[in-house]
There are 2 protein chains.
Amino acid sequence: MPELDHGVPSEAPPPVPPPLSDVADVPRRTPAEEARTLLAATNVATLATLSDDGGPWGSMVTYAALPDGSPVLCVSQLAEHGRNLARDPRASLVVVDPAPVTDPLSAGRVTLAGAVQRPEGEAREAARAAYLAAVASGRYYIDYTDFSLYVLRVERVRWVGGYGRMSSAEGAEYAVAQPDPIGDARGAVDHLNADHADALLAMAHALGGYPDATSARCTAADRYGLDLVLETPRGTAPARVGFAAPVTEAGGLRAAAVELTRRARASSSSP
Amino acid sequence: MPELDHGVPSEAPPPVPPPLSDVADVPRRTPAEEARTLLAATNVATLATLSDDGGPWGSMVTYAALPDGSPVLCVSQLAEHGRNLARDPRASLVVVDPAPVTDPLSAGRVTLAGAVQRPEGEAREAARAAYLAAVASGRYYIDYTDFSLYVLRVERVRWVGGYGRMSSAEGAEYAVAQPDPIGDARGAVDHLNADHADALLAMAHALGGYPDATSARCTAADRYGLDLVLETPRGTAPARVGFAAPVTEAGGLRAAAVELTRRARASSSSP
């Protein structure tokens with residue numbers, strides 16, 4: 001579903017068979033939620049700062065995320081990025097989904113742009129505690145006199161979810177969004193495909209809009225539902241099925257999938 | 001071996017027992033060679049460019065490396081980084097060693113800073129071929145009218161090999177350096193430790209300067225030699241043993257290690 005026109009009108013995607021029954025509109029994570037979820041998935045990022053000649057300088061950093069998603073950095077003033085931040089607080093931080101992918105451009109990633117501040121008082125204690133909790137090796141250098149804590153105040157968010165999935169968000173939306181509590185769903189997705197293909201097919205039939213599906217595979221799971229890819233006599237089709245309520249805690253995916261299966265089977269067994 | 005003083009004089013490292021015999025000076029990869037080796041290890045990087053307000057903008061990109069190490073990018077003018085490069089050619093590229101590490105700050109990484117150019121004529125064909133060879137998915141978008149090829153002319157290189165290992169290089173050194181043909185040596189290192197502990201110990205005794213070593217473990221291999229960590233009655237010590245000649249091809253490590261073993265055993269069996 002490209003949102004951009006690449007100027008090659010001859011490249012039409014293969015036709016997708018439409019659903020045969022009404023399908024509920026299942027929400028997706030907002031770009032701000034995608035961004036918060038990516039920030040929660042790792043502690044390694046690339047920082048872009050301004051060198052003394054005004055040129056862009058990239059460097060690898062570790063980070064923590066505060067409760068409002070603001071990244072905490074701990075950098076040495078002896079390093080170029082530390083000198084850069086001390087001179088000009090403008091910065092952006094790039095986080096790439098650490099889940100392995102075959103095609104790197106299919107990976108989720110986000111750029112958070114804004115300006116850093118040196119936290120003081122209680123804010124400094126909170127930033128320090130967050131950094132030490134997120135970066136185990138931080139205790140070896142956080143108290144070195146040449147290291148400084150910075151908090152990146154996020155003004156602008158650009159999320160790319162892979163080919164043709166991308167959107168922007170403002171800092172305020174980002175700050176109030178929550179990371180998806182499900183986090184890395186690959187194990188759960190593998191389990192659904194390996195042991196519950198029948199349940200996925202029931203979901204496709206009863207809730208996904210494809211009563212003619214002959215097989216269903218789960219490709220992703222998030223707090224709001226499951227993404228499926230279906231085979232039908234009319235061709236391959238994507239479908240999305242939604243949980244009764246968004247998952248709100250780390251272990252909540254299993255119960256949500258069980259409820260979804262129960263609902264699909266109840267619906268398909270009715271006349 | 002920190003090259004920087006972090007201002008905490010009380011933090012003295014544990015004493016390292018000195019070698020007991022003369023040790024040959026074994027070269028290490030230069031910073032430029034480290035940088036070229038990192039560029040050859042992956043095709044994913046983070047690009048830093050300048051946004052329209054002059055702020056630093058980071059984004060994930062894929063790249064290829066030309067024979068002189070210049071990175072080739074293929075970016076859409078619809079994306080912020082593409083608009084940025086069209087406006088201001090200054091850029092830097094951060095490549096992080098893709099080998100997994102426990103502590104992210106122990107990973108090798110490099111920043112290449114310079115300015116991009118749009119290659120023309122034969123240079124464009126060479127850049128295009130290199131990009132398509134390095135990025136399999138490139139064939140799906142390289143001919144879209146909104147995508148442009150860029151070559152980053154590297155002016156300045158900053159390499160960080162992990163804690164306390166870091167150095168800079170000029171673009172000219174980078175251009176003539178060669179990537180280490182050994183590449184990812186983890187499998188070979190594991191094999192040496194698993195099956196050739198006796199050979200490593202012989203190297204430590206005869207060539208590494210520690211005739212009192214009781215065990216030896218290989219921690220890294222490169223075109224010039226092996227890094228060892230030794231246990232001795234006097235404590236733990238690092239050692240480095242060098243190949244007779246630098247390895248010049250991808251499969252050359254095995255023969256070099258066999259020659260090194262033979263030399264170590266010949267030396268230790270002499271009176």
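Note that the coordinates shown come from a computational prediction; the quantities given were computed from them, not determined experimentally.

A.B. asks: So what's going on with the sheet that holds strand β9 (residues 225-232) of chain B? Residues and values would help.
C.D. replies: All names here are of chain B. Spatially, β8-β9-β10 is the arrangement adopted by the 3 strands of the open sheet, whose pairing is antiparallel. Looking at which strands have only one partner, the edges of the open sheet turn out to be β8 (215-222) and β10 (235-242). The sheet shows a mean angle of 25° between the axes of neighbouring strands, taken without regard to direction. As paired elements, β8 and β9 share 7 bridges and run antiparallel to each other.

A.B. asks: Just give me the short version of the packing of aromatic side chains, but keep the residues and values in it.
C.D. replies: The way to describe two aromatic rings as a pair is by their centre distance and the angle between their planes. Residues and elements named next belong to chain A. Using the criterion set out here, one finds 6 aromatic pairs over all chains in the structure. Centroid distance Y131 to Y141: 6.3 Å. Interplanar angle 70°. Geometry classified as edge-to-face. Here the residue Y131 occupies a position in helix α3 (residues 121-134), and Y141 occupies one in the loop between α3 and β6 (147-162), the gap between them amounting to 10 residues. The same class applies to Y131 as to Y141, namely buried. The residue whose ring lies beneath R118 is Y150, and the NZ or CZ to ring-centre distance is 5.9 Å.

A.B. asks: Go over the interface of chain A and chain B, please, and point to the residues and values.
C.D. replies: Taken together, the contact pairs 44 residues of chain A with 44 residues of chain B. Buried area between chain A and chain B, both sides added, is near 3,500 Å², and the carbon and sulfur share of it is 67%. Viewed at the interface, chain B and chain A are joined by 2 salt bridges. For the salt bridge of E80(A) with R156(B), the shortest nitrogen-to-oxygen distance reads 2.8 Å. Applying the counting criterion to the chain A and chain B interface returns 15 residue pairs in polar contact (both at pLDDT 80 or more). Mapped by element, the contributors of at least two residues to the side of chain A that touches chain B are β1 (44-50), β2 (56-65), β4 (90-96), β5 (109-117) and β6 of chain A.

A.B. asks: I'd like a description of the domain arrangement of chain A, backed by residues and values.
C.D. replies: It is common to give the size of an interface as the accessible area lost on bringing the parts into contact. Along its sequence, chain A is organised into domain 1 (32-176) and domain 2 (183-268). Here the C-alpha centre of domain 2 of chain A lies 34 Å away from the C-alpha centre of domain 1 of chain A.

A.B. asks: Talk me through the environment of H205(A); I want residue IDs and the actual numbers.
C.D. replies: Residue and element names in this part refer to chain A. Note that H205 resides in helix α6 (residues 197-206). For H205, a relative accessible area of 27% puts it in the partly exposed group. Along the backbone, H205 and A216 are 11 residues apart, and their C-alpha atoms lie at a distance of 9.4 Å. Those residues in contact with H205 that sit more than four places away from it in its chain are Y210, P211 and A213.

A.B. asks: Provide a residue-level description of α3(A), including the pertinent values.
C.D. replies: Residues and elements named next belong to chain A. For α3, built from 14 residues, the straight-helix expectation of 20 Å at 1.5 Å per residue is met to within 8% by its first-to-last C-alpha distance of 20 Å. Of all the positions in α3, only A127, A130 and Y131 are classed as buried. Buried residues of α3, viewed axially, fall in a sector of 100°; they line one side. Every exposed residue of α3 that faces more than 90 degrees away from the buried side is listed here: G121, E122 and A133. If you follow the buried residues of α3, they end up packed against β2, β3 (71-76) and β6.

A.B. asks: Outline the sheet that holds strand β9 (residues 225-232) of chain A, listing residues and values.
C.D. replies: All names here are of chain A. Here 3 strands make up an open sheet; going across it, the order is β8-β9-β10 and the pairing antiparallel. Strand pairing shows two members of the sheet lacking a second neighbour, β8 (215-222) and β10 (235-242), which therefore form its edges. Taking the axes of each pair of neighbouring strands and ignoring which way they run, one obtains an average angle of 25° across the sheet. Examined bridge by bridge, β9 and β10 share 8 bridges and lie antiparallel to one another. The residue of β10 that forms the bridge with G225 is G242.

A.B. asks: Can you lay out the relation of the copies chain A and chain B for me, pointing to particular residues and giving the numbers?
C.D. replies: Note on the copies: chain A fits chain B at an RMSD of 0.0 Å, the axial shift is 0.0 Å, and the rotation between them is 180°. The symmetry that links the two subunits is that of a two-fold axis.

A.B. asks: Can you explain the packing of helix α5 (residues 186-195) of chain A against α6(A)? Please cite residues and give values.
C.D. replies: Residue and element names in this part refer to chain A. It is at 5 Å that the axes of α5 and α6 come closest, and there the two elements cross at 95°. Accordingly, the angle class assigned to the pair α5 and α6 is roughly perpendicular. The segment α5 lies against α6, with L192, N193 and D195 engaging A197, D198 and L200.

A.B. asks: Any chance you could break down the nonpolar core for me, citing the residues and the numbers?
C.D. replies: Residues and elements named next belong to chain A. L200, M203, L226, L228 and L230 are the most contacted members of the largest nonpolar core, which totals 28 residues. When residues of this core are traced back to their parent elements, those giving at least two are α5, α6, β8, β9, β10 and α7 (253-269). Of all the elements, α6 adds the most residues to this core, at 6 residues. Residue contacts for L228: discarding those within four places in its chain leaves L200, M203, A204, R217, C218, T219, A237, P238, A239 and V241.

A.B. asks: Tell me what's going on with the pattern of salt bridges, and back it up with residues and numbers.
C.D. replies: Overall, the coordinates contain 28 salt bridges over all chains when judged by the stated rule. E34(B) is paired through a salt bridge with R29(B); the nearest N and O atoms lie 3.2 Å apart. Where D184(B) meets R186(B), a salt bridge forms, and the shortest distance between an N and an O atom there is 2.5 Å. Residues joined by salt bridges that share partners form a network here, namely R28(A), D222(A), D227(A) and R240(A).

Conventions we followed
- Residues numbered from 1 in each chain as written.
- Chains lettered and ligands numbered in written order.
- Predicted model: local features only at pLDDT ≥ 70, side-chain atom pairs only at ≥ 80, totals over all residues.
- Heavy atoms only, no water.
- Pairing = 2+ DSSP bridges.
- Helix = DSSP H or I, 4+ residues; strand = E, 2+ residues; numbered from the N terminus.
- Axes fitted to C-alpha atoms, helices over the stretch in contact; angles between N-to-C directions.
- Phe/Tyr/Trp six-rings, centres within 6.5 Å; stacked < 30°, edge-to-face > 60°.
- Buried < 20%, exposed > 50% of the residue type's maximum accessible area, 1.4 Å probe, protein only.
- Lys NZ or Arg CZ within 6 Å of the ring centre and 35° of its normal.
- Contact = heavy atoms within 4.5 Å.
- Buried area = accessible area lost by both parts, 1.4 Å probe.
- Salt bridge = Lys/Arg side-chain N within 4 Å of Asp/Glu carboxyl O.
- Polar contact = N/O pair within 3.5 Å; in protein donor to acceptor, adjacent residues only side chain to side chain.
- Domains from an automatic or database assignment.
- Expected span 1.5 Å × (residues − 1).
- Arc of directions from axis to C-beta.
- Least-squares fit on C-alpha atoms with pLDDT ≥ 70 in both.
- Parallel < 35°, antiparallel > 145°, perpendicular 65-115°, else oblique.
- Core = buried A, V, L, I, M, F, W, Y, C linked by side-chain atoms within 4.5 Å.

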